[in-house]
Amino acid sequence: MITSEDFKKTLIQYLNLEDITPDEINDTDRLFGDEGLGLDSVDSIELVLAIEKEYGVKIDDATLYQHIFASVENLLNYINENKK
């Protein structure tokens with residue numbers, strides 16, 4: 001099981017989130033938009049690739065994207081539920 005702390009470190013590393021530490025990211029933070037982490041469409045591609053590389057989890061169902069990527073917590077739950 002991937003911990004929230006470890007997942008946040010992966011987010012920071014793969015998305016080059018400078019000047020932010022894992023403890024500054026709340027599990028309920030939104031990933032995209034002006035609130036939370038403020039990621040954009042380019043970040044989403046990098047994030048999907050990072051999840052596949054680091055955790056072996058593919059997100060194949062596009063209808064679930066909005067829910068899965070709604071928050072740090074949702075994404076981490078999806079990864080933990082689908083990790084091989």
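As shown above, the structure is provided for reference.
So, a few notes on the structure that sits alongside this text.

## Here's the deal with the nonpolar core
Right, so step 1: Ranked by size, the top nonpolar core spans 23 residues in total, and within it Phe7, Leu31, Leu47, Ile51, Phe69, Leu75 and Ile79 carry the most contacts.
Right, so step 2: Counting residues per element, this core draws most heavily on helix 4 (residues 72-82), at five residues.
Right, so step 3: Other than its neighbours up to four places away in sequence, isoleucine 79 contacts Ile2, Phe7, Ile51, Tyr55 and Val57.

## Side note on the side chain of aspartate 29
Right, so step 1: Here aspartate 29 is to be found in the loop between helix 1 (4-15) and helix 2 (41-55).
Right, so step 2: An unpaired buried charge is present at aspartate 29: no salt bridge exists, and lysine 8, the closest side chain of opposite charge, is 7.3 Å distant.
Right, so step 3: Sequence-distant contacts of aspartate 29, that is, excluding residues within four places in its chain, are made with Glu24, Gly36, Ala70, Ser71 and Val72.

## Looking at the layout of surface pockets
Remark: the empty space left among the atoms is shown by a probe the size of a water molecule rolled over them.
Right, so step 1: Taken as a whole, the largest pocket encloses approximately 160 Å³ of empty space.
Right, so step 2: Those elements that provide at least two residues to the lining of the largest pocket are helix 2 and helix 3 (65-68).
Right, so step 3: Of the residues assigned to the lining of the largest pocket, the class counts are five nonpolar, two polar and one charged.

## A short note on helix 4
Right, so step 1: Here helix 4 has its buried residues at Val72, Asn74, Leu75, Leu76, Tyr78 and Ile79.
Right, so step 2: Buried residues in helix 4 make contact with helix 1, helix 2 and helix 3.

## Re helix 1
Think of an α-helix as 3.6 residues a turn; residues three or four steps apart then line up on the same face.
Right, so step 1: Taking 1.5 Å per residue as the helical rise, helix 1 with its twelve residues ought to reach 16 Å, and the 16 Å between its terminal C-alpha atoms agrees with that figure.
Right, so step 2: Every buried residue of helix 1 is listed here: Phe7, Lys8, Thr10, Leu11, Ile12 and Leu15.
Right, so step 3: Those residues of helix 1 that are buried lie in contact with helix 2 and helix 4.
Right, so step 4: Asparagine 16 sits one or two residues past helix 1 and shows a positive phi near 50°.

## Looking at a negative patch on the surface
Right, so step 1: Taken together, the side chains of Glu5, Asp6, Glu18, Asp19, Asp23 and Glu24 make up a negatively charged region of the molecular surface.
Right, so step 2: In this structure, glutamate 24 sits in the loop between helix 1 and helix 2.
Right, so step 3: Accessibility expressed as a relative area gives 47% for glutamate 24, which makes it partly exposed.

## Focus on the packing of aromatic side chains
Right, so step 1: By the definition in use, this model includes three aromatic pairs.
Right, so step 2: Joined through ring pairs, the aromatic side chains of Phe32, Tyr65 and Phe69 make up one cluster.

Rules of the game
- Residues numbered from 1 in each chain as written.
- Predicted model: local features only at pLDDT ≥ 70, side-chain atom pairs only at ≥ 80, totals over all residues.
- Heavy atoms only, no water.
- Core = buried A, V, L, I, M, F, W, Y, C linked by side-chain atoms within 4.5 Å.
- Buried < 20%, exposed > 50% of the residue type's maximum accessible area, 1.4 Å probe, protein only.
- Helix = DSSP H or I, 4+ residues; strand = E, 2+ residues; numbered from the N terminus.
- Contact = heavy atoms within 4.5 Å.
- Lys, Arg positive; Asp, Glu negative; His and termini not counted.
- Salt bridge = Lys/Arg side-chain N within 4 Å of Asp/Glu carboxyl O.
- 1 Å grid on protein atoms, 1.4 Å probe; cavity = no way out; pocket = protein on both sides within 12 Å on 5 of 7 lines; lining within 4 Å.
- Points joined across faces, edges and corners; volume = space filled by probe spheres on them.
- Nonpolar A, V, L, I, M, F, W, Y, C, P; charged D, E, K, R; others polar.
- Expected span 1.5 Å × (residues − 1).
- Patch = residues over 30% accessible without salt bridge, like charges linked within 9 Å, V, L, I, M, F, W, Y side chains within 5 Å.
- Areas by Shrake-Rupley, 256 points an atom, 1.4 Å probe, with all protein chains shown as cover.
- Charge placed at Lys NZ, Arg CZ, Asp CG, Glu CD.
- Phe/Tyr/Trp six-rings, centres within 6.5 Å; stacked < 30°, edge-to-face > 60°.

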